[in-house]
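Letter by letter, the chains look like this.
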Amino acid sequence: MTEFSLKDAKITGNFWQNFMELVRTEVVPYQWAALNDRIENAEPSYCMHNFQVAAGKKAGKHGGLVFQDSDVAKFLEAVAYVLAWHPDSELENIIDAAIDDIVAAQQPDGYLNTYYILNGLEKRFTNLKDNHELYCLGHFLEAAVAYYHTTGKDKLLKALIKYVDLVDSLIGAEDGKTHGYPGHQEIELALIKLYEITQDEKHLKLAKYFIDERGKTPLFFQEETEKQGNNFYWQHSLFQYGYYQAHKPVREQQHAVGHSVRALYMYSGMADVAHKTGDETLMNACKRLWSDVTSKQMYITGGVGSSHYGEAFTFGYDLPNDTVYAETCASIALAFFARRMLEYDGFKAEYADVLEQTLYNGIISGMAADGKSFFYVNPLEVVPKATQKDQLKSHVKTQRQKWFGCACCPPNLARILASLASYAYAKNNDTLYINLFAESEVKSKLQSGTIALNITTRYPWSGTITVKITEISPKSTLAMRIPGWCEKYSVKINNAAANKKLQNGYLTLTTLKTGDEIILDLDMPVNIIESNPAVRENIGKVAIMRGPIVYCLEEVDNGDNLHHIALPANATFTHHHDKDFYCGAVTLQTTAKKLQPTGTQSLYQKSHPPKYTNVTTKWIPYYLWANREPGEMCCWVRVLN
């Protein structure tokens, strides 16, 4: 399997181009201003301030959290991806200057972390469990690799390799080294990206060590805590060291537990290491954990991590809608894991289905339509009064925030949206895979030769995808995913019906030639979805999807007391394309029932048949909620049989 280059595809129109251009024109400038503390009435970032102080370029002290460096790293990675498909010399010069500031803070032995540079180098690497040094290094490695691939510039890459060399000299399995690993996983998958450039076995070995060592007895985190006198914040929690996925060796882990972002970054790193080393036991663990996450602990939106406490996984089918956490970063991490499993486990469409589900719903819901405010938490049900009066729901917001003191999500959103083409397409030997449908121009080299396509579509609002082949080798194969939500589809080549040959959920087309036109037409009805009955919160309720899009009700369209709305069992929906509604999003309408007030002031009363009135309900794509006036929102509604 050869990674698909961002330079091999240009997203040219409609849905995803709108998001990518939003990142380029609005999000990148906004986030650069935020990282330099220039956003009025927003929480300060301190990111570039910290590096400039650490480099001796200005006076001051460290600001922000212990992992503040990672925000600028993810931003740099996002910009590298933007520059890959939209060269911009002015933006590149800004990033080069930022890299100069960052590298100027590096210590003679390679160490580069502003928290310890400014607060005392003598304490570095004494709290791997909680203080995120290896996590920050991992994010900077990913940024350095991305910038090198796009621009060919290696200043940041060389600096980070020097830092990795320092880590490798101090941490590892050998005698005399600290037998530790990161409290927040990230460096594992970054080291694999570095290894793909350097081909230095040391980098692969270090990534494998971090995976293999985790959770072994005696437990490193416990020993480190006692030796260094560190706090153990989760001492009285139910998950203990499971918060860090260090409760047992990774190959023995049966269920996703603990902090959801850490877990999914780790699973992504596990998949990378398994792929590079051919470790079947590690890949089997990835498959087992994938199944647990996606079949028992994932919201319909692709959100994961149901508990506010610990931002964590809990147990199978525990998926509350109103106290949910579903951090934006967790959905992004799930997309990372999905992409790896797709490419390493034989291109099975089930992985791409989850990738699509979380991208179109739980990820892009984290950013406002104008790209200038963000959600950390992505609920499926909101009552504003509850978020203001109930401490257990206070983490849920009805409006996106300009920035956060812990701002991991905004730059994470920027980097995944800017690199979308590498999720939409993949290649393996003589096959080009279309995983996601985006209007685009593609030109990439397979083993058999060059393949070039022009793709036009209004997906996800329409199920028609037209592919014109402008160059292809006779030995090349095109594989187009048939989404799991799609029950009926047709495919024509040059206006003649084609064979529906499916392999692992992909329509495989061979004997294609230059000039061929393929039209894939996916039937896209409105689907009424129910949960597994083990999900207690959703008993007697349904959610609405059309194609990959999850829909919701908002107060601004349907009035308050959304919990009074119920759907008839035979409800039928109409869909409406409104070119003026957020770049032409499709909305849905149906006639529903709304409970009539009883008129009594009694808290409790004898049961009596409820009375309903007919109402016309409007449903909007979930990812667009909270872009108008604040109010109630819900995804799951009752059904009247």
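For the structure itself, consult the block above.
Our subject in this report is the structure included herewith. (Residues numbered from 1 in each chain as written. Predicted model: local features only at pLDDT ≥ 70, side-chain atom pairs only at ≥ 80, totals over all residues. Heavy atoms only, no water.)

## Focus on empty space enclosed by the protein
Item 1. Here the structure, examined in full by the defined rule, presents one cavity of 30 Å³ or more.
Item 2. Around the largest cavity, the lining residues are Asp 69, Leu 112, Asn 113, Cys 136, Leu 137, Phe 140, Leu 160 and Tyr 163.
Item 3. Contributions of two or more residues to the lining of the largest cavity are made by α6 (133-151) and α7 (155-170).
Item 4. By residue number, the principal contributor to the lining of the largest cavity is α6, which donates three residues.
Item 5. Taken together, the residues of the lining of the largest cavity sort by class into six nonpolar, one polar and one charged. (1 Å grid on protein atoms, 1.4 Å probe; cavity = no way out; pocket = protein on both sides within 12 Å on 5 of 7 lines; lining within 4 Å. Points joined across faces, edges and corners; volume = space filled by probe spheres on them. Helix = DSSP H or I, 4+ residues; strand = E, 2+ residues; numbered from the N terminus. Nonpolar A, V, L, I, M, F, W, Y, C, P; charged D, E, K, R; others polar.)

## Concerning unusual backbone geometry
Among all residues except glycine, the phi angle is most often negative; among peptide bonds, the trans geometry is most common.
Item 1. A cis amide bond links Thr 217 to the next residue, Pro 218, at an omega of 0°.
Item 2. Cis rather than trans, the peptide bond between Tyr 459 and Pro 460 has omega equal to 15°.
Item 3. You can see Pro 460 is positioned in the loop between β8 (449-457) and β9 (464-471).
Item 4. For His 132, which is not glycine, the phi dihedral falls at a positive 65°.
Item 5. Looking at where His 132 falls in the secondary structure, it is placed in the loop between α5 (114-119) and α6.
Item 6. Residues other than glycine seldom take positive phi values, yet Asn 504 does so here, at roughly 55°.

## A word on the packing of aromatic side chains
Centre-to-centre distance and the angle between the planes together describe a pair of aromatic rings.
Item 1. Within this structure, the stated rule accounts for 40 aromatic pairs.
Item 2. Here the aromatic rings of Tyr 115 and Tyr 116 are separated by 5.1 Å at their centres, their planes lie at 85°, and the arrangement is edge-to-face.
Item 3. Classification of Tyr 115 as partly exposed rests on a relative accessible area of 25%.
Item 4. Between Phe 437 and Tyr 459, the aromatic rings sit 5.1 Å apart at their centres with planes inclined by 70°, giving edge-to-face as the arrangement. One end of the pair, Phe 437, is in the loop between β6 (431-434) and β7 (439-446); the other, Tyr 459, is in the loop between β8 and β9, with 22 residues separating them in the sequence.
Item 5. Three or more aromatic residues joined by ring pairs make a cluster, and in this case those are Tyr 181, Phe 220, Phe 221, Tyr 233, Trp 234, Phe 239, Tyr 243, Tyr 244 and Tyr 309.
Item 6. Over the aromatic face of Tyr 111 sits the side chain of Arg 124, whose NZ or CZ is 4.9 Å from the ring centroid.
Item 7. Over the aromatic face of Phe 581 sits the side chain of Lys 618, whose NZ or CZ is 5.1 Å from the ring centroid. (Phe/Tyr/Trp six-rings, centres within 6.5 Å; stacked < 30°, edge-to-face > 60°. Buried < 20%, exposed > 50% of the residue type's maximum accessible area, 1.4 Å probe, protein only. Lys NZ or Arg CZ within 6 Å of the ring centre and 35° of its normal.)

## Points about the side chain of Glu 188
Item 1. Relative to the elements of secondary structure, Glu 188 occurs in helix α8 (residues 187-198).
Item 2. One buried charge, Glu 188, has no salt-bridge partner; the nearest side chain with opposite charge is Arg 214, at 4.2 Å.
Item 3. Here the side chain of Glu 188 touches Glu 186 through a polar contact of 2.9 Å, landing on its backbone nitrogen.
Item 4. If sequence neighbours within four positions are ignored, Glu 188 has contacts with Pro 182, Ala 207, Phe 210, Ile 211, Arg 214 and Gly 269. (Lys, Arg positive; Asp, Glu negative; His and termini not counted. Salt bridge = Lys/Arg side-chain N within 4 Å of Asp/Glu carboxyl O. Polar contact = N/O pair within 3.5 Å; in protein donor to acceptor, adjacent residues only side chain to side chain. Contact = heavy atoms within 4.5 Å.)

## Observations regarding the sheet that holds strand β1 (residues 9-13)
Sheet strands pair by backbone hydrogen bonding; their relative direction is either parallel or antiparallel.
Item 1. Taken in spatial order, the seven strands of this open sheet run β1-β7-β8-β9-β15-β11-β12, and their pairing is antiparallel. Strand pairing shows two members of the sheet lacking a second neighbour, β1 and β12 (496-497), which therefore form its edges.
Item 2. As defined by bridge partners, β7 adjoins β8 across seven bridges and the pair is classed as antiparallel. In the strand pairing of β8, Ser 444 is matched with Ile 451.
Item 3. Against the sheet, helix α1 (residues 14-35) makes contact with β1, β7 and β8, and its axis sits at roughly 105° relative to β1, the strand it touches most. (Pairing = 2+ DSSP bridges. Axes fitted to C-alpha atoms, helices over the stretch in contact; angles between N-to-C directions.)

## Brief notes about the packing of helix α12 (residues 280-296) against helix α13 (residues 328-344)
Item 1. Contact pair α12 / α13: the axes reach a minimum separation of 11 Å and the direction vectors enclose 130°. As the angle between them shows, α12 and α13 are arranged oblique. Here the hand of the crossing between α12 and α13 comes out left-handed. Between α12 and α13, the contacting residues are Met 283, Cys 286, Lys 287, Trp 290, Val 293 and Thr 294 on the first element and Leu 334, Phe 337, Ala 338, Met 341 and Tyr 344 on the second.
Item 2. Counted by class, the contact of α12 with α13 contains nine nonpolar, one polar and one charged residues. (Parallel < 35°, antiparallel > 145°, perpendicular 65-115°, else oblique. Left-handed = near helix turned anticlockwise from the far one by under 90°.)

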